[in-house]
Amino acid sequence: MKSSIYLTFDYEVFLGNKSGGIEDCLLVPTERILKIIKSYKVPVTFYVDFGFLIQLKNENFLNQIIAQLKELSDLGSSIQLHLHPHWFNTTKTDSCKRFYIDQYSQTEIQDFVIRCFDFANDRMKLKFTSYRAGSLN
């Protein structure tokens, strides 16, 4: 009997200062995973928190992230939607007051998903086929 194993990773930055920066949370760990993917020629799925990417104002980091995700995709890995809606209501000076997805209306959630779909398609020509919820839901 043959078994299959699916490797999935969340690609996200945690809210707050204690989690580290973009390099520590996203770029460096993913480079380590990329080396393994290349070595063993095994595809994986990355669930990317596109809400964070939409809100990211640092174009240098955004370009690095997009390049890294394109490299993963070019190697046969899948990039899919992971959503933490708090990114749409969080600023540097204001912590999020609505962290959980059930604190948002259906209309707001639909807007978040559409914005993520549009961003991924516009920036990376991605079409999602799966979704992994964030915010403990």
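This one's a predicted model, so the numbers in the text were calculated from it and none came from an experiment.

Student: I tried to follow the overall build of the protein chain on my own but got confused; where do I start?
Tutor: In terms of regular secondary structure, the protein chain is built from four helices and four strands. Listing the helices and strands of the protein chain from first to last along the sequence gives β-α-β-α-α-β-α-β. Expected size for 137 residues packed as a compact globule is a radius of gyration near 14 Å; at 15 Å, the protein chain falls within 12% of this value. For the protein chain, the spread of C-alpha atoms along the three principal axes comes to 45 × 35 × 30 Å. Out of the 137 residues belonging to the protein chain, those deemed buried represent 40%. Intrachain contacts of the protein chain at a sequence separation of at least 6 include 76% that bridge at least 24 residues.

Student: Can you help me understand helix 3 (residues 59-74) in this one?
Tutor: An α-helical segment advances 3.6 residues per turn. Residues three or four places apart therefore align on the same side. Between its terminal C-alpha atoms helix 3 stretches 22 Å, which fits the 22 Å expected from 16 residues at 1.5 Å a residue. Listed in full, the buried residues belonging to helix 3 are Phe61, Leu62, Ile65, Ile66, Gln68, Leu69 and Leu72. The buried residues of helix 3 occupy an angular sector of 160° when the element is viewed end-on, so they sit on one face. In helix 3, the exposed residues that point more than 90 degrees away from the buried face are Asn60 and Asp74. A side-chain oxygen of the first residue of helix 3 lies 3.0 Å from the backbone nitrogen of Asn60; this N-cap is Asn58. Positive phi appears at Gly76, one or two residues downstream of helix 3, with a value of about 100°.

Student: What is the right way to read the environment of Asn89 from this model?
Tutor: Here Asn89 lies in the loop between strand 3 (78-83) and helix 4 (106-124). For Asn89, a relative accessible area of 33% translates into the label partly exposed. Taking the C-alpha atoms as reference points, Asn89 and Lys2, separated by 87 residues in sequence, lie 46 Å from one another. Setting aside residues up to four positions removed in sequence, Asn89 forms contacts with Cys96, Arg98, Tyr104 and Phe112.

Student: In this structure, what is going on with the packing of aromatic side chains? I would like to understand it.
Tutor: One pair of aromatic rings is described through two measures. These are the centre distance and the angle between the planes. Taken as a whole, this structure holds nine aromatic pairs when the rule is applied. With centroids separated by 5.2 Å and ring planes inclined at 25°, the aromatic side chains of Phe9 and Phe46 adopt a geometry described as stacked. On the criterion of sequence distance, the pair formed by Phe9 in strand 1 (residues 8-11) and Phe46 in strand 2 (residues 45-49) is long-range, its members being 37 residues apart. With relative accessibility at 25%, the residue Phe9 sits in the partly exposed group. Taking relative accessible area as the criterion, Phe46 reaches 1% and is therefore assigned buried. Taken together, the aromatic side chains of Phe50, Phe117, Phe119 and Phe128 make up a single cluster linked through ring pairs.

Rules used throughout
- In this numbering scheme, every chain counts its residues from 1 along its sequence in written order.
- Residue-level local features of this predicted model are given only where pLDDT is at least 70; pairs of side-chain atoms are given and counted only at 80 or more, and the full residue set underlies all totals for whole chains, interfaces and linings.
- Here the side-chain values reflect all heavy atoms present in the structure, with hydrogen atoms and water set aside.
- In this text, helices come from DSSP runs of H or I with a minimum length of four residues, and strands from runs of E with a minimum of two, each type numbered from the N-terminal end.
- Only C-alpha atoms enter the radius of gyration, while the globule expectation follows 2.2 Å times N to the 0.38, with N the number of residues.
- Between buried and exposed lies partly exposed: a residue is buried under 20% and exposed over 50% of the maximum accessible area for its type, with that area taken using a 1.4 Å probe on protein chains only.
- Contact between two residues is taken to exist if any of their heavy atoms lie within 4.5 Å; hydrogens are not considered.
- The span expected for a helix works out to 1.5 Å for each residue beyond the first.
- Here the arc refers to the directions that run from the helix axis out to each C-beta atom.
- Under this definition, polar contacts are N or O atom pairs within 3.5 Å; protein pairs additionally need one hydrogen-donor-capable and one acceptor-capable atom, and for neighbouring residues in sequence, both atoms have to be side-chain atoms.
- Two aromatic rings from Phe, Tyr or Trp, using only the six-membered ring of Trp, form a pair when their centres are within 6.5 Å; if the ring planes differ by under 30 degrees the pair is stacked, by over 60 it is edge-to-face, and anything between is tilted.

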